[in-house]
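Observations on the three-dimensional arrangement
Listed below are the residues making up each chain.
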Amino acid sequence: MPSVDLNADLGEGFGVWELGDDTAMLDIVTSANLACGFHAGDPAGLARTSRAAAERGVRIGAQVSYRDLAGFGRRFIDVAPAELTAEVIYQIGALQALARVAGSDVGYVKPHGALYNTVVTHREQARAVAEAVHAVDPGLPVLNLAGSVFFEEAQRLGLRTVAEAFADRAYRPDGTLVPRHEAGAVLRDPEQIAERVGRMVQSGQVPAVDGSSIDVRVESICVHGDSPGAVEIATAVRDRLLRDGIELTAFA
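Calculation criteria
Residues numbered from 1 in each chain as written. Predicted model: local features only at pLDDT ≥ 70, side-chain atom pairs only at ≥ 80, totals over all residues. Heavy atoms only, no water. Helix = DSSP H or I, 4+ residues; strand = E, 2+ residues; numbered from the N terminus. Rg over C-alpha atoms; globule rule 2.2 N^0.38 Å. Contact = heavy atoms within 4.5 Å. Lys, Arg positive; Asp, Glu negative; His and termini not counted. Charge placed at Lys NZ, Arg CZ, Asp CG, Glu CD. Salt bridge = Lys/Arg side-chain N within 4 Å of Asp/Glu carboxyl O. Buried < 20%, exposed > 50% of the residue type's maximum accessible area, 1.4 Å probe, protein only. Pairing = 2+ DSSP bridges. Right-handed = clockwise from strand over helix to strand, strands pointing away. Phe/Tyr/Trp six-rings, centres within 6.5 Å; stacked < 30°, edge-to-face > 60°. Lys NZ or Arg CZ within 6 Å of the ring centre and 35° of its normal. Axes fitted to C-alpha atoms, helices over the stretch in contact; angles between N-to-C directions. Parallel < 35°, antiparallel > 145°, perpendicular 65-115°, else oblique. Left-handed = near helix turned anticlockwise from the far one by under 90°. Nonpolar A, V, L, I, M, F, W, Y, C, P; charged D, E, K, R; others polar.

1. Regarding the overall build of the protein
Looking only at helices and strands, one finds eight helices and ten strands in the protein. Computed over the C-alpha atoms, the radius of gyration of the protein is 17 Å, within 12% of the 18 Å expected from 2.2 N^0.38 for a compact globule of 252 residues. Judged by the C-alpha coordinates and their principal axes, the protein covers about 40 × 35 × 35 Å. Restricting the contact set of the protein to residue pairs at least 6 apart, pairs at least 24 apart contribute 71%. Here the protein contributes 23 positive and 34 negative side-chain charges, whose respective centroids are spaced 1 Å apart.

Given below as structure tokens:
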């Protein structure tokens, strides 16, 4: 039976501010990209979310970002490579401790927001992030878009790469994501998203905003936990994949 991983960005509340419904999402997804405190997430909240993930057998991933709480990690920062490497190591280490106390572990690393999009093409920062992951644990897989320079740098170091596709984000013709500030960048309709994901997984293609069809490699599918209607979207995607005979399981 073919299989795919379903992941979501979780643990993104901060103090009294709650973002998304982590509990409901953890009952749907197979992997949880937990914030590490630089763009969102506080220690107590991340400890709770780590425990909840561990109780459900959901794999925990470190969602590393620029140091940008005010901008939710969605602003590019021209940070020096050595500094970026140290900051990514710091974030993985913080979540690793919380996950282990919860009875689990960090199983992979995924950049967040602007850092995710930057390392698709910015080789210097891609190398800095890859070197950070390798320094912490060469066995940690990394998530990003297939064909990114981040994957090239990760593979050069012997890291496993996991190709990710997005359920609720629009694509440009070159295979990159439409920036969030542009109209239509974030998709909202659960049934349309589920239909799109079904085609994506079955055919390895997704429509771009100009109407063209682009090739995508799909080992893990992301549904953003902070999107309005995230639970309904994730449920619709899960149900569609199961109807298509696709097993939902964390990537091996």
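Further notes follow.
2. Some words on the pattern of salt bridges
Taken as a whole, this structure holds 17 salt bridges when the rule is applied. Across the pair Glu-182 and Arg-172 runs a salt bridge whose closest N-O atoms are separated by 3.9 Å. You can see Glu-182 sitting in the loop between strand S6 (161–166) and helix H7 (190–203) and its partner Arg-172 sitting in the loop between S6 and H7, a full ten residues away along the chain. Relative accessible area serves as the criterion here: at 33%, Arg-172 is assigned to the partly exposed category. Via salt bridges that share partners, Arg-123, Arg-127, Glu-152, Glu-153 and Arg-156 belong to a single interconnected network.

3. Things to note about the side chain of Thr-85
Note that Thr-85 resides in helix H3 (residues 81–101). Its relative accessible area of 15% is what places Thr-85 among the buried residues. Every residue in contact with Thr-85, bar those within four places of it in the chain, is listed here: Ala-128, Glu-131 and Ala-132.

4. Description of the pairing of S6
Taken across its six residues, S6 has six buried, putting it largely inside the fold. Because side chains alternate across S6, one face comprises the buried residues Thr-161, Ala-163 and Ala-165, and the other comprises Val-162, Glu-164 and Phe-166, equally buried. Across three bridges, strand S5 (residues 142–144) lies against S6 in parallel orientation. The residue of S6 that forms the bridge with Leu-143 is Val-162. Handedness of the crossover joining S5 and S6 through helix H6 (residues 149–156): right-handed. Across three bridges, S6 lies against strand S9 (residues 220–223) in parallel orientation. Each bridged residue has a counterpart across the sheet, and for Phe-166 the counterpart in S9 is Cys-222.

5. Thoughts on the packing of aromatic side chains
Per the stated rule, a full pass over the model turns up five aromatic pairs. A ring pair is formed by Tyr-116 and Phe-166, whose centres lie 5.4 Å apart and whose planes are at 85°; its orientation type is edge-to-face. Remark: Phe-166 occurs in strand S6 and Tyr-116 occurs in helix H4 (residues 113–121); sequence separation between them is 50 residues. Classification of Tyr-116 by relative accessible area gives buried; the value is 3%. Above the face of the Phe-251 ring, Arg-59 is positioned so that its terminal group lies 4.6 Å from the ring centre.

6. Focus on the side chain of His-112
For His-112, the location among the structural elements is in the loop between strand S4 (106–111) and H4. With near-sequence residues (within four places) excluded, His-112 lies in contact with Glu-12, His-39, Gln-63, Val-64, Ser-65, Phe-72, Gly-73 and Arg-74.

7. Focus: H6
When H6 is considered as a whole, its buried residues turn out to be Val-149, Phe-150, Phe-151, Glu-153 and Ala-154. Downstream of H6 by a residue or two, Gly-158 has a phi angle that is positive, lying close to 85°.

8. Thoughts on the packing of H7 against helix H8 (residues 230–243)
Where H7 contacts H8, the axes come no closer than 8 Å and their chain directions differ by 40°. In terms of orientation, H7 and H8 fall into the oblique class. Both H7 and H8 take part in a crossing whose hand is right-handed. Together, Pro-190, Glu-191, Ile-193, Ala-194, Glu-195, Val-197, Gly-198 and Val-201 of H7 and Glu-232, Ile-233, Ala-236, Val-237, Arg-240 and Leu-241 of H8 make up the contact between the two elements. Taken together, the residues of the contact of H7 with H8 break down into nine nonpolar, one polar and four charged.

9. Observations concerning the pairing of strand S3 (residues 59–64)
Judged by how many residues are buried, S3 sits mostly within the fold: five of six residues are covered. Across five bridges, strand S2 (residues 31–35) lies against S3 in parallel orientation. When the sheet's bridge partners are listed, Ala-35 is paired in S3 with Gln-63. Handedness of the crossover is the feature at issue here: the chain leaves S2, passes through helix H2 (residues 43–56), returns alongside S3, and the resulting connection is right-handed. Note: S3 against S4, five bridges, orientation parallel.

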